[in-house]
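Okay, here's what each chain looks like letter by letter:
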Amino acid sequence: MSTHPAAPHGTGHAAPAHTDQPNWSAYTRTGVILAVVGWAVFAIAGFLNLGAAEGVEAKHDAKARFFVAYLSGYTYWLSLPIGALALLMIRYVAKTSWGLLLTRPLEAATRTLPLLVLFFLPIAAAVAFKNHETHEAPLSPYWWSNPFHAHDDHGADAGHDDHAHAKAEEHAKGDDHAQKDGGHEINKNREKTEVLGKRMLQKAVEVQKAAERKEREEGIYGFTSVPGFMITSAVCFTVWGVLIFFLNRWGKETSDATDPSRVDAGLEKLKNISSIGLVLYAIINTAACTMWVMSLEPGWSSTMFPVIFTVNTFLTTFAFCLALFLLIADRPPFKGFMRPKFQLDMATLMLVFTLFWSYTSFSQFMLIWIGNLPEEIPFYLKRSNESGDRSFWWYVSAALIALHFALPFLLLLFRGIKLHPKRLRVVALYLLVICGIDVIWWIAPSAPPSKFPAFLMDVGAVLGVGGLWLLYFVYQLKQRPIFPDNQAFLLPEGHEHGH
């Protein structure tokens with residue numbers, strides 16, 4: 001493989017950068033339509049849900065449901081900039097052909113992060129704004145910011161323990177009378193010791209519960225607190241932002257260079273920051289999904305969920321960029337470089353991401369099912385048959401198995417689909433929709449059930465946020481040539497032979 005940029009016509013000089021951009025007007029119109037329809041559905045469904053709520057508690061939950069739905073839309077579209085960041089770093093580390101061809105869409109997607117930071121402000125405000133009398137955030141989707149509405153079994157447990165202790169004392173007294181003549185002092189002392197031990201345990205539990213409730217009310221409940229939320233969010237956005245800034249800055253300098261030595265040096269610099277960035281990315285993504293998604297469920301934790309979250313961002317981003325790329329792959333400047341092998345590689349990678357999502361999702365379910373721990377199983381109970389009957393989310397769960405794994409797995413096995421641009425584009429767009437349903441499935445069931453089909457709010461939020469994001473993405477995509485011609489030498493030699 002050559003170590004210097006090659007011109008398409010074999011002149012020995014670096015090819016000039018293509019400045020012609022495809023006509024993105026169709027994407028712009030799509031963005032406007034999605035934004036208008038999405039926010040209309042979100043607002044109408046939200047107010048209908050609020051109107052259907054009966055009672056103070058139900059009204060409170062209906063108001064907070066606006067932000068639960070908004071969080072669904074936000075989380076899904078956050079997948080694009082942070083997923084593009086990871087794929088862009090993988091492109092520089094592994095020097096992949098698909099990464100080179102998708103460089104500009106990936107870069108443009110990363111540069112939409114400022115818009116997602118702006119969209120995050122309503123969520124931060126909902127968490128931070130508290131009623132000074134009740135010490136709760138009435139609009140927050142997170143249980144830990146609403147201590148009054150959080151599950152509190154203090155009274156029930158205390159009553160149960162008092163009843164149990166009273167029975168133990170009565171049983172001990174009865175045994176005293178029965179054993180008075182028998183002289184069984186050992187048994188009598190054992191009963192007294194048990195009663196005393198239970199009293200001490202009850203007191204310790206009550207003290208601990210009181211301390212935890214006080215901490216929750218004062219907002220100092222460790223990681224799941226307002227300060228923890230703000231600090232974690234700020235660190236995540238800062239690390240992502242710094243990586244995106246340097247990748248885009250150095251990427252532009254490298255693609256604008258005409259000297260082969262400067263191109264090689266720029267690619268090496270991008271490789272070095274990407275190597276470090278991938279390690280930071282794994283850590284930051286774990287913190288972000290734990291804080292923003294996993295903490296929606298009281299007591300729930302999963303070591304597999306950060307992996308599922310990350311794989312979902314990969315699949316969402318790759319499916320979006322591939323669908324866009326296939327729309328222009330047969331036009332200049334890609335027409336001179338494109339080979340069937342590249343499209344086959346992209347389709348295969350999308351299949352790999354689909355299989356990886358299936359593996360990690362099944363692993364999480366299997367581990368929770370085997371453990372059968374009371375703090376973990378409510379996550380799946382809410383999404384299946386918590387009340388004993390099959391709920392709406394049970395059908396969504398079953399559909400995800402069939403439509404997120406089985407169907408795309410079968411479709412992407414056929415070369416006739418992988419090598420057919422229109423068919424492959426349909427599969428990519430289909431996976432975009434399924435990944436959105438998956439994100440809604442993560443978040444929406446954490447809200448209390450309602451009489452109105454409130455999931456329509458989540459659908460509206462996904463469409464509304466997506467429409468605005470798409471408009472900004474197209475704007476960013478137009479800022480640079482659609483293909484970095486001076487790096488075409490990275491495309492594998494010998495593709496003419498179909499290898």
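Chemist: Kindly report on the overall build of the chain, identifying the contributing residues and their values.
Modeler: Across its full length, the chain carries 16 helices and zero strands. Looking at the chain as a whole, 49% of its 499 residues are labelled buried. Put simply, the chain shows about 23,900 Å² of open surface, and 66% of that area lies on carbon and sulfur atoms.

Chemist: Go over helix α13 (residues 392–411), please, and point to the residues and values.
Modeler: Compared with an ideal rise of 1.5 Å per residue, which puts 20 residues at 28 Å, α13 spans 27 Å between its outermost C-alpha atoms and is within 8% of the ideal. Taken together, the buried positions of α13 are occupied by Trp393, Val396, Ser397, Leu400, His404 and Pro408. Contacts made by the buried residues of α13 are with α10 (305–328), α11 (340–371), α15 (421–443) and α16 (455–477).

Chemist: Break down the environment of Trp442 for me, citing the residues and quoting the values.
Modeler: On the secondary structure map, Trp442 appears in helix α15. Relative accessible area serves as the criterion here: at 4%, Trp442 is assigned to the buried category. For the pair Trp442 and Phe309, spaced 133 residues apart in sequence, the C-alpha to C-alpha distance is 9.7 Å. Aside from chain neighbours lying at most four places away, what touches Trp442 is Thr75, Val293, Phe305, Ile308, Phe309, Asn312, Phe379 and Arg383.

Chemist: Break down the packing of aromatic side chains for me, with residues and values.
Modeler: Scanning the model with the defined rule gives 43 aromatic pairs in all. With 5.1 Å between their ring centres and 85 degrees between their planes, Phe379 and Tyr380 make a pair best called edge-to-face. With respect to class, Phe379 is no different from Tyr380; both count as buried. Aromatic ring contacts, followed pair by pair, group Tyr74, Phe120, Tyr142, Trp144, Phe229, Phe237, Trp240 and Trp292 into a single cluster. Of note, Arg383 hangs over the ring of Phe379, and the distance from its end group to the ring centre comes to 3.8 Å.

Chemist: Residues and numbers for a nonpolar patch on the surface, please.
Modeler: A cluster of nonpolar side chains, namely Phe362, Phe365, Met366, Leu367, Trp369 and Ile370, defines an oily patch on the protein surface of about 660 Å² accessible area. Along the polypeptide, Ile370 turns up in helix α11. Overall, the relative accessible area of 56% leaves Ile370 in the exposed class.

Chemist: Give me unusual backbone geometry: which residues, what numbers.
Modeler: Here the amide bond leading from Pro332 into Pro333 is cis, since omega sits at 0 degrees, within 30 degrees of zero. Relative to the helices and strands, Pro333 resides in the loop between α10 and α11. The phi dihedral of Lys95 is positive, around 55 degrees, even though this residue is not glycine. With respect to the secondary-structure elements, Lys95 resides in the loop between α2 (56–94) and α3 (97–101). Of note, the phi angle at Asn372 is positive, near 55 degrees, even though the residue is not glycine. Here Asn372 is to be found in the loop between α11 and α12 (378–381).

Chemist: A description of the pattern of salt bridges should follow, citing residues and the corresponding values.
Modeler: Using the criterion set out here, one finds nine salt bridges in the structure. With a closest N to O distance of 3.3 Å, Arg480 and Glu107 form a salt bridge. Of this pair, Arg480 sits in the segment after α16 while Glu107 sits in helix α4 (residues 103–110), and the two are 373 residues apart along the sequence. For Glu107, a relative accessible area of 1% translates into the label buried. Note that Lys341 and Asp345 form a salt bridge whose closest N and O atoms lie 2.6 Å from each other. Residue Lys341 and its partner Asp345 are both found in helix α11; the two are separated by four residues, about one turn of the helix. Judged by relative accessible area, Asp345 falls into the partly exposed class, the value being 25%. Here the salt bridges do not stand alone but share partners, grouping Arg104, Glu107 and Arg480 into one network.

Chemist: How would you summarise the confidence of the model for the chain if you had to cite specific residues and measurements?
Modeler: Mean pLDDT over the chain works out to 84, with 80% of the residues at or above the 70 mark. In this model, residues 1–18 is a region of pLDDT below 50 whose contacts with residues beyond four sequence positions or in other chains number 31 contacts. Contacts from residues 150–168, a stretch scored under 50 in pLDDT, to residues over four places away or in other chains number 16 contacts.

Chemist: Outline α2, supporting the account with residue identities and numerical values.
Modeler: For α2, with 39 residues, the first-to-last C-alpha span of 56 Å sits near the 57 Å given by 1.5 Å per residue. Of all the bends found along α2, the most pronounced is centred on Ala64 and spans about 30 degrees. Of all 39 residues that make up α2, 30 are buried, and the element is covered over most of its length. Lys95 lies just past α2 and shows a positive phi near 55 degrees.

Chemist: An account of the environment of Ser358 is needed here, citing residue identities and associated values.
Modeler: Note that Ser358 resides in helix α11. Looking at Ser358, the relative accessible area reads 12%, which means it is buried. Engagement of the side chain of Ser358 in a polar contact is seen with the backbone oxygen of Thr354, the distance being 2.9 Å.

Chemist: Tell me about the side chain of Ser384, residues and numbers included.
Modeler: Within the fold, Ser384 resides in the loop between α12 and α13. Owing to a relative accessible area of 15%, Ser384 belongs among the buried residues under this scheme. With residues up to four places along the chain from it excluded, the contact list for Ser384 reads Asp389, Arg390, Ser391 and Trp394.

Chemist: Break down the nonpolar core for me, citing the residues and quoting the values.
Modeler: Ranked by internal contacts, the top residues of the largest apolar core, which has 123 residues, are Trp240, Trp292, Phe318, Met350, Trp469 and Phe473. Those residues within four positions of Met350 in sequence are excluded, and the remaining contacts are Leu315, Phe318, Ala319, Leu322, Leu412, Leu424, Val427, Ala428 and Leu431. Residues Phe42, Ala69, Ala126 and Ala461 belong to the second largest nonpolar core, which totals ten residues.

Criteria and thresholds
- Residues numbered from 1 in each chain as written.
- Predicted model: local features only at pLDDT ≥ 70, side-chain atom pairs only at ≥ 80, totals over all residues.
- Heavy atoms only, no water.
- Helix = DSSP H or I, 4+ residues; strand = E, 2+ residues; numbered from the N terminus.
- Buried < 20%, exposed > 50% of the residue type's maximum accessible area, 1.4 Å probe, protein only.
- Areas by Shrake-Rupley, 256 points an atom, 1.4 Å probe, with all protein chains shown as cover.
- Expected span 1.5 Å × (residues − 1).
- Contact = heavy atoms within 4.5 Å.
- Phe/Tyr/Trp six-rings, centres within 6.5 Å; stacked < 30°, edge-to-face > 60°.
- Lys NZ or Arg CZ within 6 Å of the ring centre and 35° of its normal.
- Patch = residues over 30% accessible without salt bridge, like charges linked within 9 Å, V, L, I, M, F, W, Y side chains within 5 Å.
- Salt bridge = Lys/Arg side-chain N within 4 Å of Asp/Glu carboxyl O.
- pLDDT = per-residue confidence, 0-100.
- Bend = angle between axes of the 7 residues up to and from the residue.
- Polar contact = N/O pair within 3.5 Å; in protein donor to acceptor, adjacent residues only side chain to side chain.
- Core = buried A, V, L, I, M, F, W, Y, C linked by side-chain atoms within 4.5 Å.

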